[in-house]
Amino acid sequence: MVKIAVCDDEKELREMTAAWLRDYFAPQEVLLSLYDGGEALLRAVREENCRFQLAVLDIELGDTDGITVGEELNLLLPACQIIYLTGYLDYAPDAYATRHVYYVYKPRMEEHLPKALEMALAALHEAENSRLVLPQKNGQLVLEKREITRLERRLRVTNIHTADGECVSTAAPLDDLLTQLDSPSFLRCHNSFAVNLSHVAAFRRESFLMKDGTVVPISHAYYAAVREEFQKYHSGDL
């Protein structure tokens, strides 16, 4: 289910846009949330933990403007795809100061909105499959999957290590993170450890040597499966 926010201070246009979206996605079910102002939308993201995947924003809003809202969404929800709607083409250059997928001229919405949605969904799929998104108190933390080197579970915290030496902590269990990563390059080798095989320098009987020099243990219970998956990965069978 795609979670979509529609923000327009004109009720008729807000509901018309929502109707267009329902028609476009039918018969797939979508979760549509409608807002009459930018502050209401941002409050839902900040305070109600709404994690929208797509936001359709009018440029001219009563309490603020869509571009300002788009800038904030870029920070709070990095994977969220933004489509701007406007009746005035004069705003187009300003919109490019924010990360968005399309700028739709309202009088030609019927013509351009389907293309905008197609591009947004393609960008969303790419973003969600190339990045690990971790909920945070004031937004989301986004990590590029290819930059993650290893994961380590200690007590009730999972530490995620990256190639630049950063370590990010999350309460998410190791199993849940591996499900989100959903890639053959990530391999669990111990109850408390998993590695990204693209960052492994050497495979040994009891451990992996990582390219940064870190040694990650391989437990006896995991060894046979780890050896098989390591061989598959490097033979190109995965």
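These lines cover the structure that appears in this document, whether it is placed above or below. (Residues numbered from 1 in each chain as written. Predicted model: local features only at pLDDT ≥ 70, side-chain atom pairs only at ≥ 80, totals over all residues. Heavy atoms only, no water.)

## Quick look at the packing of aromatic side chains
No. 1: Under the criterion given, the structure shown has six aromatic pairs.
No. 2: Here Tyr35 and Phe52 contribute two aromatic rings whose centre-to-centre distance is 6.1 Å and whose plane-to-plane angle is 80°, an arrangement assigned as edge-to-face. Residue Tyr35 is located in strand β2 (residues 30–35), and its partner Phe52 is located in the loop between α2 (38–47) and β3 (54–58); the two are separated by 17 residues in the primary sequence.
No. 3: Between Phe203 and Phe230, the aromatic rings sit 4.8 Å apart at their centres with planes inclined by 40°, giving tilted as the arrangement. Taken as a pair, Phe203 in strand β13 (residues 200–203) and Phe230 in helix α7 (residues 220–235) lie far apart in primary sequence, 27 residues in all.
No. 4: Classification of Phe203 as partly exposed rests on a relative accessible area of 23%.
No. 5: Residue classification places Phe230 among the buried positions, given a relative accessible area of 16%.
No. 6: One aromatic cluster is present, formed by Phe203, Phe208, Tyr223 and Phe230 through successive ring pairs. (Phe/Tyr/Trp six-rings, centres within 6.5 Å; stacked < 30°, edge-to-face > 60°. Helix = DSSP H or I, 4+ residues; strand = E, 2+ residues; numbered from the N terminus. Buried < 20%, exposed > 50% of the residue type's maximum accessible area, 1.4 Å probe, protein only.)

## Things to note about the nonpolar core
No. 1: Ranked by size, the top nonpolar core spans 22 residues in total, and within it Tyr35, Leu41, Phe52, Leu57 and Leu73 carry the most contacts.
No. 2: Contributing elements (two or more residues each) for this core: β1 (2–7), α2, β3, α3 (66–76) and β4 (81–86).
No. 3: Not counting the four nearest positions on each side in its chain, Leu73 is found in contact with Leu41, Leu42, Val45, Ala55, Leu57, Pro78 and Ile82.
No. 4: One finds Leu85, Met109, Leu117 and Ala120 within the second-largest nonpolar core, a separate group that totals 20 residues. (Core = buried A, V, L, I, M, F, W, Y, C linked by side-chain atoms within 4.5 Å. Contact = heavy atoms within 4.5 Å.)

## Details of α2
No. 1: Of the positions making up α2, those classed as buried are Gly38, Leu41, Leu42, Ala44 and Val45. Each buried residue of α2 lies within a common arc of 155° when the element is viewed along its axis, so the set occupies one face.
No. 2: On its buried side, α2 packs onto β1, β2, β3 and α3.
No. 3: Asn49 sits one or two positions beyond α2 and adopts a positive phi of about 60°. (Arc of directions from axis to C-beta.)

## Here we look at the sheet that holds strand β12 (residues 193–196)
Neighbouring strands of a sheet are bound in pairs by backbone hydrogen bonds; such pairs are parallel or else antiparallel.
No. 1: Ordered in space as β10-β9-β8-β12-β11, the five strands form an open sheet in which the pairing is antiparallel. What marks the edges here is a single partner per strand, and that holds for β10 (167–170) and β11 (186–190). The mean inter-strand angle of the sheet, taken between neighbouring strand axes irrespective of direction, is 20°.
No. 2: Across three bridges, the pairing between strand β8 (residues 148–154) and β12 is antiparallel. By the bridge assignment for β12, Glu152 is matched with Phe193. (Pairing = 2+ DSSP bridges. Axes fitted to C-alpha atoms, helices over the stretch in contact; angles between N-to-C directions.)

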